[in-house]
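A structural walkthrough
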Amino acid sequence: MMKASHNFRKASAAAVADEVLGAAVEKTATLLFSGRASAAARYPGFEELRDWGRSRKMEVSGDLWRFARRFADRLEAAGGVAHYARDAREAVEIVEGIARRLGAVSAVKSKSMTAEEVSLNEALLKAGVAVTETDLGEFIIQLAGEKPSHIVAPAIHKNREQVADLFHKALGSPPGLDVGGLVQVARKTLRERFLAADIGITGANFAVSETGSIAIVTNEGNGRLTTALPPVQIALVGIDKIIPKLYDLTGILTLLTRSATGQVVSSYVTVITGPRREGEEEGPRELHVVLLDNGRSSLAAGQFREMLHCLHCGACLNSCPVYRAVGGHAYESVYPGPMGDVLSPLLWGLDAYADLPDACTLCGRCAEVCPMRIPLPEFHRRLRVLRTDLKGKKAAWKALVPAILAGHPMLYRAGLKGMRRLLSSGPGLSGLLKAGPAKAWSLCREAPRPGEGPDFRSWWEQRQKGPKGDTDEQG
Amino acid sequence: MSKAEVLERYIRMAQAAGTVVERVAKAELSVRLAALLGEEESSKMAALSASGWPEGLRESVEAVLASCGFEVTMARKDQSGYSWDRVRLGAASVGIVWCEKYLAETGSLVLTTGPGMGGLASLLPEISIVLSDADGCLEELAEYLHLAGAALPARMTLVTGPSRTGDIEATMTTGVHGPGKVVHFILDVD
Amino acid sequence: MKISLLLTCTADLLYPASARASVEVLEKLGVEVKFPRLQTCCGQPWLNTGNLEGARRLALHTLEVFEDAQTVVAISSSCADTVRNHYAELFPDSPALRDRFEALGQRTYEFCQFLHLVVGIKKMPRHPDPARTTYHSSCRTLRGIGLRGVAEEYLAQMFVEDFVPLPEQETCCGFGGSFSVKLPEVSGRLLADKLKNITTTGATRVASLDLSCLTHLSTGARRLGLAGIRFLHLAELMAGALK
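Note that the structure is a prediction, hence the values are computed from the model and not measured.

Take the overall build of chain A next. Counting secondary structure elements, chain A contains 23 helices and 10 strands. A total accessible area of about 18,200 Å² is found for chain A, and carbon and sulfur atoms account for 56% of it. Distance between charge centroids for chain A: 5 Å, based on 61 positive and 52 negative side chains.

In the structure shown here, the tally under the stated rule is 49 salt bridges over all chains. Arg148 of chain C serves as the salt-bridge partner of Glu368 of chain A, at 2.9 Å between the closest nitrogen and oxygen. In this pair, Glu368 of chain A is assigned in helix H17 (residues 365-369) and Arg148 of chain C in the loop between helix H8 (139-144) and helix H9 (150-159), connecting two distinct chains. Through salt bridges with shared partners, one network takes in Glu47, Arg50, Asp51 and Arg373 of chain A.

Facing the 53 residues of chain B at the interface are 62 residues of chain A. Summed over the shared surface of chain B and chain A, the result is 3 salt bridges. Among the salt bridges present, the one from Glu126 of chain B reaches Arg187 of chain A, with a minimum N-O distance of 3.4 Å. For the pair chain B and chain A, the interface holds 34 residue pairs in polar contact (both at pLDDT 80 or more). Taken together, the elements giving at least two residues each to the side of chain B that touches chain A come down to strand S5 (81-83), strand S8 (108-112), helix H5 (141-148), strand S11 (155-159), strand S12 (164-165) and strand S13 (173-174) of chain B. The greatest single-element share of the side of chain B that touches chain A, amounting to 5 residues, is contributed by S11 of chain B. The residue makeup of the side of chain B that touches chain A, split by class, is 25 nonpolar, 21 polar and 7 charged.

Here Ile168 of chain B lies in the loop between S12 and S13. As a C-alpha pair, Ile168 of chain B and Arg32 of chain B span 136 residues in sequence and 36 Å in three-dimensional space. Not counting residues up to four positions away in its chain, the partners in contact with Ile168 of chain B are Leu136, Ile140, Arg160, Val163, Val179 and Leu182 of chain A.

Enumeration according to the criterion identifies 18 aromatic pairs over all chains in this entry. Taken together, a centroid distance of 5.1 Å and an interplanar angle of 75° make the contact between Phe304 of chain A and Phe379 of chain A edge-to-face. Placement of Phe304 of chain A in the loop between helix H13 (296-300) and helix H14 (315-319) and of Phe379 of chain A in helix H18 (residues 376-391) is noted, with a sequence separation of 75 residues between them. Among the aromatic side chains, those forming a connected cluster through ring pairs are Phe456, Trp459 and Trp460 of chain A together with Phe35 of chain C. Residue placement shows Arg66 of chain A over the ring face of Phe67 of chain A; its charged tip is 4.7 Å from the ring centre. One cation-aromatic arrangement involves Arg324 of chain A over Phe33 of chain A; the distance from NZ or CZ to the ring centre is 5.9 Å.

Residues and elements named next belong to chain A. In spatial order, the strands read S1-S10-S7-S4-S2-S3; together these 6 strands make up an open sheet with parallel pairing. Because the sheet does not close on itself, it has two edges, and the strands there are strand S1 (81-85) and strand S3 (130-133). Within this sheet the neighbouring strands show an average axis-to-axis angle of 20°, counted without direction. Summarising the sheet, strand S2 (residues 106-109) and S3 pair through 4 bridges and their orientation is parallel. Within the sheet, the bridge partner assigned to Val108 lies in S3 and is Thr132. Of the strands in this sheet, S1, strand S4 (199-202), strand S7 (232-238) and strand S10 (286-292) are in contact with helix H5 (residues 88-102), which crosses S10 at around 165°.

Domain assignment breaks chain A into domain 1 (8-299) and domain 2 (410-465). A separation of 53 Å is found between the C-alpha centroids of domain 1 of chain A and domain 2 of chain A.

Looking now at the pairing of strand S9 (residues 127-133) of chain B. Residues and elements named next belong to chain B. Within S9, 7 of the 7 residues are buried, which leaves it mostly tucked inside the rest of the structure. With burial as the criterion, each face of S9 is covered, one bearing Ile127, Ile129, Leu131 and Asp133 and the other bearing Ser128, Val130 and Ser132. Across 5 bridges, the pairing between strand S6 (residues 94-98) and S9 is parallel. Pairing of Val97 across the sheet is with Val130, part of S9. Taken together, the 7 bridges between S9 and strand S14 (residues 181-188) define a ladder with parallel strand orientation.

All names here are of chain C. The domains assigned to chain C are domain 1 (2-119) and domain 2 (133-242). The straight-line distance from the C-alpha centre of domain 1 to that of domain 2 is 22 Å. Counting residues at the interface gives 31 residues for domain 1, matched by 24 residues for domain 2. Between Asp81 and Arg140 there is a salt bridge whose closest N-O contact spans 2.8 Å. Connecting domain 1 to domain 2 are 11 residue pairs in polar contact (both at pLDDT 80 or more). At the level of secondary structure, the elements contributing two or more residues to the side of domain 1 that touches domain 2 comprise helix H1 (9-14), helix H2 (16-28), helix H3 (44-48), helix H5 (77-86) and helix H7 (111-119).

Attention shifts here to the environment of Ala300 of chain A. Residues and elements named next belong to chain A. As for its placement among the helices and strands, Ala300 is situated in helix H13. Taking C-alpha positions, Ala300 is 5.8 Å from Ser61, a pair spaced 239 residues apart along the chain. Contacts of Ala300, omitting those with residues within four sequence positions, involve Ser61, Leu64, Arg305 and Leu308.

The next thing to look at is helix H16 (residues 337-348) of chain A. All names here are of chain A. Between its first and last C-alpha, H16 extends 16 Å over 12 residues, near the 16 Å set by a 1.5 Å rise per residue. Counting buried residues in H16 gives 11 out of 12 residues, a clear majority hidden from the surface. Taken as a whole, H16 has its buried residues at Gly337, Pro338, Met339, Gly340, Asp341, Val342, Leu343, Ser344, Pro345, Leu347 and Trp348. Looking at the buried positions of H16, the neighbouring elements they touch are helix H6 (113-117), H13, H14, helix H15 (321-326), H17 and H18.

Let us now look at the interface of chain C and chain A. On the side of chain A, 64 residues touch chain C, which itself brings 64 residues to the contact. Carbon and sulfur atoms make up 60% of the surface buried where chain C meets chain A, a total of about 5,600 Å² over both sides. Remark: the boundary between chain C and chain A carries 9 salt bridges. Applying the counting rule to chain C against chain A returns 31 residue pairs in polar contact (both at pLDDT 80 or more). With 8 residues, the single largest contributor to the side of chain C that touches chain A is helix H11 (residues 184-201) of chain C.

Turning our attention to helix H1 (residues 8-17) of chain A. Residues of H1 of chain A that are buried include every one of Phe8, Ala11, Ser12, Ala15 and Val16 of chain A, and no others. On an axial view of H1 of chain A, the arc spanned by its buried residues comes to 130°, and they lie on one face. Residues of H1 of chain A that are exposed and point over 90 degrees away from its buried face: Lys10 and Ala17 of chain A. Tucked inside the fold, the buried residues of H1 of chain A contact helix H2 (19-42) and H15 of chain A together with H11 of chain C. Capping the start of H1 of chain A, Asn7 of chain A holds a side-chain oxygen 3.2 Å from the backbone nitrogen of Arg9 of chain A, two or three residues further along.

This part takes up the nonpolar core. Residues Phe8, Phe206, Val326, Tyr335 and Met339 of chain A together with Val186 of chain C are the most contacted members of the largest nonpolar core, which totals 101 residues. The residues contacting Phe8 of chain A, other than those within four sequence positions of it, are Ala13, Val322, Val326, Ala330, Tyr331, Asp355, Leu356 and Ala359 of chain A together with Leu183 of chain C.

Here we take up the side chain of Lys57 of chain A. Among the structural elements, Lys57 of chain A can be located in helix H3 (residues 46-61). With sequence-adjacent residues up to four places away left out, Lys57 of chain A is seen in contact with Asp240, Lys241, Ile242, Ile243, Leu308, His309, Leu311 and Met372 of chain A.

Rules of the game
- Residues numbered from 1 in each chain as written.
- Chains lettered and ligands numbered in written order.
- Predicted model: local features only at pLDDT ≥ 70, side-chain atom pairs only at ≥ 80, totals over all residues.
- Heavy atoms only, no water.
- Helix = DSSP H or I, 4+ residues; strand = E, 2+ residues; numbered from the N terminus.
- Areas by Shrake-Rupley, 256 points an atom, 1.4 Å probe, with all protein chains shown as cover.
- Lys, Arg positive; Asp, Glu negative; His and termini not counted.
- Charge placed at Lys NZ, Arg CZ, Asp CG, Glu CD.
- Salt bridge = Lys/Arg side-chain N within 4 Å of Asp/Glu carboxyl O.
- Contact = heavy atoms within 4.5 Å.
- Polar contact = N/O pair within 3.5 Å; in protein donor to acceptor, adjacent residues only side chain to side chain.
- Nonpolar A, V, L, I, M, F, W, Y, C, P; charged D, E, K, R; others polar.
- Phe/Tyr/Trp six-rings, centres within 6.5 Å; stacked < 30°, edge-to-face > 60°.
- Lys NZ or Arg CZ within 6 Å of the ring centre and 35° of its normal.
- Pairing = 2+ DSSP bridges.
- Axes fitted to C-alpha atoms, helices over the stretch in contact; angles between N-to-C directions.
- Domains from an automatic or database assignment.
- Buried < 20%, exposed > 50% of the residue type's maximum accessible area, 1.4 Å probe, protein only.
- Expected span 1.5 Å × (residues − 1).
- Buried area = accessible area lost by both parts, 1.4 Å probe.
- Arc of directions from axis to C-beta.
- Core = buried A, V, L, I, M, F, W, Y, C linked by side-chain atoms within 4.5 Å.

Quick look at the structure:
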């Protein structure tokens, strides 16, 4: 996935103007956000659990491939097949190869952001495999020909009327169904696809290095169906999803579900250790796990290492004022919101996503809710620094000159005096507001007006000199 | 926490997650099960797990089903192992399985795979009925993992309440893929 | 007790009354105020736009001006946050400088934080001129310097039932420094939401500890013609109450 030139200002301006979108996103994000807040508050020691979770992930990100190889060994010992993919292209080729060997024509898929990351559906479609998304939200946007707009609630931007209309047109269901009716239509349609599918495609919420197990967490049960019915399962797993021990699952699951939706636990947590065993009547006969790097090991070696700790819970999205105002599509990336602002430029290049580090007011709310304590605002700042470095010496010098002036007390005071005069005068100002940042400022705000009375420095001098002092020197 | 307190906690958490929990004396099970089956407007087909049951319990469940007019489908065993009749399984509106262990901390059932364990019976039908012993209740997942040790099944699923979705306007709706109703009978030792 | 006032360039340019009031309140409460005249800007704009060379220059200048100060009190939260929490990390390769910046950070406070933590002010008198008042908590006050509930408590003492908490007070007002001009449409939406919350309180005064937010809110309010609402630094209300 690659964006030639993403313009977040343009995309976000359009999104802000869309009121249906705004209301839909606000409603779900608010619900998830408050759910997370009360779930965290109700769990004694949640803060300590966050520290513990971070330390477990630090261990893994400190030696990613050692944990990944151990996972692969254990998986194979349990009868599964491990594959390594250095990048998106390799991952897609591996999956295509398996599908071709099987002569597969249909696949069901349980929501996977990693599969979105490598554009797996598009590739499989070209290879003649029809992929059906089975998470209801993903199914909706697949029917609509759209992309997910939230990593946990992919159809957050659609309201019931829009979904009813879509089902009516695409599936022939009666018009104007309520939510319960729509869910039944999806159940019936998707059940047939589950039963007919040649392959089940999943991601994994966690991959346990110690046992070679993968864990899939869903509320709908589509993860369980995808891994129970089709004869072959392919799991696409970013190597950042590894946790060291099976026991780690206990705490990390708590962090994930409470942060994502505020649930104590999701309805279904399936831990898969190898394919179907002898004599068993369910589960895939072949289990393939594709371990995807796609830039992760180089991330692990640098200053953004902690991004690999992300659980994809979506709490940062729900807490982010920018995400809530614009929704996911404006980011034009698989990963929206604060985690996406950071991940998209790191995975696909800062030149492709040069605007995203600015999609942040540095308000700090995301860091407050991130279960892994990823310093997201700080990472936005660091990306801005990298971007400055990329722009070269001339741009750096242009930014430095005002700092040099501002660091010189006399020049600083003279500059301030000039600005005060400008801001106090009507005509001078209106000229200023027609260009550059001043124009952007004046889009929704008037120019600032210096407060009444003497400026502070003059007042202070006056006071120091006492009531009879003279006032010729202005600060 | 005492065993009784752990069980109480399980019931509280499972109910909060939307599971219907009923404690019954073993001798009462047939009557209660029949009452539940009688309430449901459904196809008269029930899917049952073939293995994993305590001595004689499956047979008494089958008897109740028969008395309520239900046909029963189970995974059948041949030389290659167990397999379902997919048509009959697909027609089942009720699935009944035995569950060895369940967890108080989250209100979760622990369902594991194994020959004839019939996981699909608790997944595909609209109504999932799960039976357990009162002493199968554990405090938390860590305890279960400790007990299981290295002997992990191919698939272990924690089931906590019905299948649900909030994907349309965050309106919680049950039964999207799996059962819309989960009933857990906890059998007290008489 | 002696403090050195970190005026901040925003107050220097736009908010003389807030700065004057801060001095008056501090003095009234027995604090001796010094004003190092050579101070300029703390460098936050450069820090937040990824121009570290500029940020370092201004950090070094600020260190030079305030290194001898016993205690530094800044009258805007985001500047206090910059000095307290971000200076040291600008100099990863110089342990000696890091130490000096960390020491400076540890003795730098935001105005209200200083009154609460260091002077130990527990009570504010009733304000002689009551009017419905609300409080914009600001992201840097809450999550930068970690001050929650303190200003609200003082306001409740000064205004009793005329103090009305702001709905959704933890949400950003959309200023965000360069954000306000880089993404003005989104910034404007957040601003409008915040102003809507403010108008629902019926307040005619909005207090804050962050002058940047005040600038954003007041200029936005002026654009919408909300003439009846005044935006003030908390110190200005305190000065009135302590008179």
